[in-house]
Amino acid sequence: MKVAVVGATGMVGNVMLKVLAERNFEVTELIPVASERSIGKQIPYKGKNYTIVGMQDAIDAKPDVALFSAGGDTSLKWAPKFAEVGTTVIDNSSAWRMDTTKKLVVPEINGDVLTKEDKIIANPNCSTIQLVMALAPLHERYTMKRVIVSTYQSVSGTGVKAVQQLANEEAGIEGEMAYPHPIGRNALPHCDVFLENGYTKEEMKLVKESKKILRDDSFSVTATAVRIPTAGGHSESVNVEFENDFNINEIRKILSETPGVVVQDNLDTNTYPMPITAHDKDDVFVGRIRRDESQENSLNLWIVSDNLRKGAATNTVQIAEYLVENNLVKLNEYIS
Ligand code: A2P
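What you see is a predicted model, and the numbers here were worked out from it, not measured in a lab. (Residues numbered from 1 in each chain as written. Predicted model: local features only at pLDDT ≥ 70, side-chain atom pairs only at ≥ 80, totals over all residues. Heavy atoms only, no water.)

**Observations regarding the sheet that holds strand S5 (residues 65-68)**
Part 1 of the reasoning: On the basis of which strands lie adjacent, the open sheet formed by six strands has the order S2-S1-S5-S6-S8-S7 and parallel pairing. This sheet does not close on itself; its edge strands, each paired only once, are strand S2 (29-33) and strand S7 (103-104).
Part 2 of the reasoning: In the sheet, S5 pairs with strand S6 (residues 88-91) via four bridges, with the strands oriented parallel. Opposite Leu-67, over in S6, you have Ile-90 as the bridge partner.
Part 3 of the reasoning: Helix-sheet contacts for helix H1 (residues 11-22) involve strand S1 (2-6), S2 and S5, and the interaxial angle to S1 is about 155°. (Pairing = 2+ DSSP bridges. Helix = DSSP H or I, 4+ residues; strand = E, 2+ residues; numbered from the N terminus. Contact = heavy atoms within 4.5 Å. Axes fitted to C-alpha atoms, helices over the stretch in contact; angles between N-to-C directions.)

**Quick word on the pattern of salt bridges**
Part 1 of the reasoning: Inspection of every chain in the model, using the stated rule, returns 19 salt bridges.
Part 2 of the reasoning: Between Lys-253 and Glu-257 there is a salt bridge, with the nearest N and O atoms lying 3.1 Å from each other.
Part 3 of the reasoning: Its relative accessible area of 48% is what places Lys-253 among the partly exposed residues.
Part 4 of the reasoning: Given a relative accessible area of 54%, Glu-257 falls into the exposed group.
Part 5 of the reasoning: Of the charged contacts, one joins Arg-309 and Asp-280 as a salt bridge, the two residues approaching to 3.4 Å between their closest N and O atoms. Here Asp-280 lies in the loop between helix H9 (275-278) and strand S13 (284-291) and Arg-309 lies in helix H10 (residues 309-325), a separation of 29 residues in the sequence. (Salt bridge = Lys/Arg side-chain N within 4 Å of Asp/Glu carboxyl O. Buried < 20%, exposed > 50% of the residue type's maximum accessible area, 1.4 Å probe, protein only.)

**Some points on the domain arrangement of the protein**
Part 1 of the reasoning: Looking at the protein, the domain boundaries give domain 1 (2-95 + 312-325) and domain 2 (127-305).
Part 2 of the reasoning: Distance from the C-alpha centre of domain 1 to the C-alpha centre of domain 2: 27 Å.
Part 3 of the reasoning: Contacts between the two partners involve seven residues from domain 1, matched on the other side by nine residues from domain 2.
Part 4 of the reasoning: The junction of domain 1 with domain 2 conceals about 580 Å² of combined surface from both sides, 55% of it contributed by carbon and sulfur atoms.
Part 5 of the reasoning: At the surface where domain 1 touches domain 2, the tally comes to two salt bridges.
Part 6 of the reasoning: Of the charged contacts, one joins Asp-282 and Arg-23 as a salt bridge, the two residues approaching to 3.9 Å between their closest N and O atoms.
Part 7 of the reasoning: Our enumeration of links across domain 1 and domain 2 arrives at two residue pairs in polar contact (both at pLDDT 80 or more).
Part 8 of the reasoning: Elements with a minimum of two residues in the side of domain 1 that touches domain 2: H1 and H10. (Domains from an automatic or database assignment. Buried area = accessible area lost by both parts, 1.4 Å probe. Polar contact = N/O pair within 3.5 Å; in protein donor to acceptor, adjacent residues only side chain to side chain.)

Below is the structure:
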């Protein structure tokens, strides 16, 4: 596999390289891509240094797969150009997610929607991925009616500038601000931009993307997304109302048997998911599993996952693995 990583110097790009190496994805040629200012710089991968190239050079190399994490505008402009030369693009930005001609994929849930014809595939938003990973098997069993989610999101989801803002605040240094307010010792009910309906774009991603991934818009979702000064992962407090009644032990059993989901729920030992323990792991952790006593057929959950891993890089690499395993990616050597 000739693999381009577009945005290789960024936060997610870096983790993509790490995940490709860890999972031993078969890379015969690695093409790291970044902006003009990084061209010519070296980037390490599996103990070897690779030279960063620009977009056009990467397209000319006709990679089999391009893993994109370089922002929405970059993706809108360049992903189609890769697709034109036969490359399958897996894109981490929000550019293509709600495009009805593009697939939005969490492989464990809807990998089966992918075909050889899909040349630009969208990776969902980080907070949506961890939500649907836990909810998909429960929806299948009990049918969700309504989901209320409140997020507690890590600064790493915003990017390098936000991580730096928090580090500066902690060190008492005045520096560039990624947010309109301090983030240290604070909570900002403001993730991504505000929309006309008063919600943020992040909140609406949770609403719309979860229905697209689960291929069902018969349930409703409402969200409040909050940025907090953590770095290891996103957390979510989730309340779900089902059409059907459930057995709490069966819920635990279903979740603990779901690949990619780990139940951490032991009140005697203070065991529950936390960003600090989810950090650098690929799984989605679920705990505080309990019946909502205020309403019929309702459940409360606490869901945590590393937003740069399963929320971004790992899911992207898993989509690439799915394409390879199912023979859905054309090797460019054969079409040129
Ligand atoms: P660079 O490091 O050269 O700016 P993050 O989201 O963590 O800020 O990372 C964004 C990534 O996208 C970086 O690797 C950045 O490269 C890359 N990038 C931004 N704009 C472009 C562009 N126009 N072409 C290619 N890569 C880009």
